[in-house]
Amino acid sequence: MEDNKINMLGEKELLRDLQNGDKIVFKQLFNSYQQLVYNVCYHMSNSREEAEDITQDVFIKVLHAIASFKGEAKLSTWIYRIAVNTCLKNESRKKLNQLVSLDFLLKEEQSLHLIFDPETPDQKLEKSETEQIVRYAIQKLSARQKTAVVLHRYENLSYKEIARVIGISVPAVESLLHRAKENLAEKLKKILR
Amino acid sequence: MKHKTVRRKLLRYLDNELEQDELKSVRLHLSSCPECNNYLKQLEKIWLTGQHLSQVEVPPFLWTRLSVRLESETEVPVTNQFYAAMKLFMKKALIPTAIVITIFSGILFGSEMHKDNLKGNRETTIMQDFGFNYFSLTPPGYVGENLVDFNATK
Ligand SMILES: [Zn+2]
């Protein structure tokens, strides 16, 4: 959908203007892709606060790297790739920081508390709490499995598109999602116990 | 099939992704296992309901925050600003001043040398002007060997 908006402007023209540092065109690009980027960042990090920071990082990277974009992939695929990579880098930095500060045990406890927060209003419970459980379990997957699940479940990307974003073959995506869902079923069992 | 093996396949079962033989085995197990059936119901509730909650509301003022960050990134950091100012000062003021000083001291020195040649006694003029012999940095009163020789040839 976002690509259609950009197509109306003419992707080549848009790229040329972006590569020339046109700020108005960059804002158009931001408006077209902010939902996509924020969505991915939110589901990859499971935190609104982090998603907001990472979304900004993603657009700064897009701005800096736009000159190297040759148009071989769809613009959305390229932006998805930057978003996913930025999320994964942020995650490994966070893990390292937690390990250094040794507060990962506390974080773990807080995350579980968040899921089963007794103060969550009843009316919100059904959808938001069950979805929180799924999102929490997704966070426990390996980086690749998580990426594949987020792109498949929340972005509704086809196996082909996921393959392009991650840079693997379609059968590899199939097997990645296959393993991810089996692991997820296992992790959800532990959480729902 | 074991409980654990079946449980692991339940999300793929819900997404209709199981192969024919897997599907047969899972169905057979589910028909006789209340525990796995119960888990399937739980999974169905959380896995299939959340699938359509994909769009998350983008926080307001995201563009404003991004713009502020972009502007602060394009600003030169304080340490760089200092070096930039120094560089500009060197270029605009210090180097031309140094050139002017060099030219004037050259003229001055040249005219003094000219006076020396006219008087025929370089050492005396230097000693008079600076109080000591600055070529060898020796105190007043001491006359270097070369200069002695120089005088001697005179
Ligand atoms: Zn069973």
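Above this text you will find the structure in question.
Here the structure is a predicted model, which is why all the values come from computation and not from measurement.

Reading the values: rules and limits
Residues numbered from 1 in each chain as written. Chains lettered and ligands numbered in written order. Predicted model: local features only at pLDDT ≥ 70, side-chain atom pairs only at ≥ 80, totals over all residues. Heavy atoms only, no water. Contact = heavy atoms within 4.5 Å. Buried area = accessible area lost by both parts, 1.4 Å probe. Salt bridge = Lys/Arg side-chain N within 4 Å of Asp/Glu carboxyl O. Polar contact = N/O pair within 3.5 Å; in protein donor to acceptor, adjacent residues only side chain to side chain. Helix = DSSP H or I, 4+ residues; strand = E, 2+ residues; numbered from the N terminus. Nonpolar A, V, L, I, M, F, W, Y, C, P; charged D, E, K, R; others polar. Core = buried A, V, L, I, M, F, W, Y, C linked by side-chain atoms within 4.5 Å. Buried < 20%, exposed > 50% of the residue type's maximum accessible area, 1.4 Å probe, protein only. Donors = N, O, S within 2.8 Å, 3.2 Å for Na, K, Ca; no water. Tetrahedral: all angles 85-135°; square planar, octahedral: opposite > 155°, others 65-115°.

Enquirer: Sorry, what's going on with the interface of chain A and chain B here?
Expert: Interfaces are often sized by the accessible area lost when the parts come together. Residue-level contacts link 40 residues of chain A with 32 residues of chain B. Across the chain A/chain B interface, buried area totals approximately 3,700 Å², and carbon plus sulfur atoms make up 61% of it. Linking chain A with chain B are 10 salt bridges. Lys 23 of chain A is the salt-bridge partner of Glu 71 of chain B, the closest N and O atoms lying 3.8 Å from each other. In this structure, the connection of chain A to chain B is made through 13 residue pairs in polar contact (both at pLDDT 80 or more). When residues of the side of chain A that touches chain B are traced back to their parent elements, those giving at least two are helix H3 (23–45), helix H4 (48–65), helix H7 (122–139), helix H8 (143–154) and helix H10 (170–192) of chain A. Along the lines of polarity and charge, the residues of the side of chain A that touches chain B split into 15 nonpolar, 11 polar and 14 charged.

Enquirer: Could you clarify how one ought to interpret the nonpolar core in this entry?
Expert: Looking at soluble globular proteins, one finds that nonpolar side chains tend to be buried together. All names here are of chain A. If you look at the biggest cluster of nonpolar residues, it comprises 76 residues, and the most contacted ones within it are Leu 29, Leu 75, Ile 79, Leu 184 and Leu 188. In terms of residues, this core owes the most to one element, H3, which gives 12 residues. Dropping the residues within four chain positions of it, Ile 79 is found in contact with Leu 29, Tyr 33, Leu 36, Val 37 and Val 62.

Enquirer: I'm lost on unusual backbone geometry in this one. Help?
Expert: Among all residues except glycine, the phi angle is most often negative; among peptide bonds, the trans geometry is most common. Residues and elements named next belong to chain A. Despite not being glycine, Asn 46 shows a phi value in the positive range, around 60°. Positionally, Asn 46 belongs in the loop between H3 and H4. For Asn 46, a relative accessible area of 26% corresponds to the partly exposed category. Phi is positive for Asn 156, close to 50°, though the residue is something other than glycine.

Enquirer: What is the right way to look at the coordination of the zinc ion in this model?
Expert: Each pair of donors in an ideal octahedron of six around a metal sits at 90 or 180 degrees, and each pair in an ideal tetrahedron of four sits at 109.5 degrees. All names here are of chain B. Around the zinc ion, the protein contributes the donor atoms His 3 (ND1), His 29 (NE2), Cys 33 (SG) and Cys 36 (SG), at 2.0 to 2.3 Å from the metal centre. Around the zinc ion sit 4 donor atoms, and with donor-metal-donor angles ranging over 103 to 120° the site reads as tetrahedral. Mapped onto the sequence, the donors of the zinc ion take the spacing H-x25-H-x3-C-x2-C. Taken together, the residues His 3 in helix H1 (residues 3–14) and His 29 in helix H2 (residues 20–32) connect sequence positions 26 residues apart. Residue classification places His 3 among the partly exposed residues on the basis of a relative accessible area of 36%.

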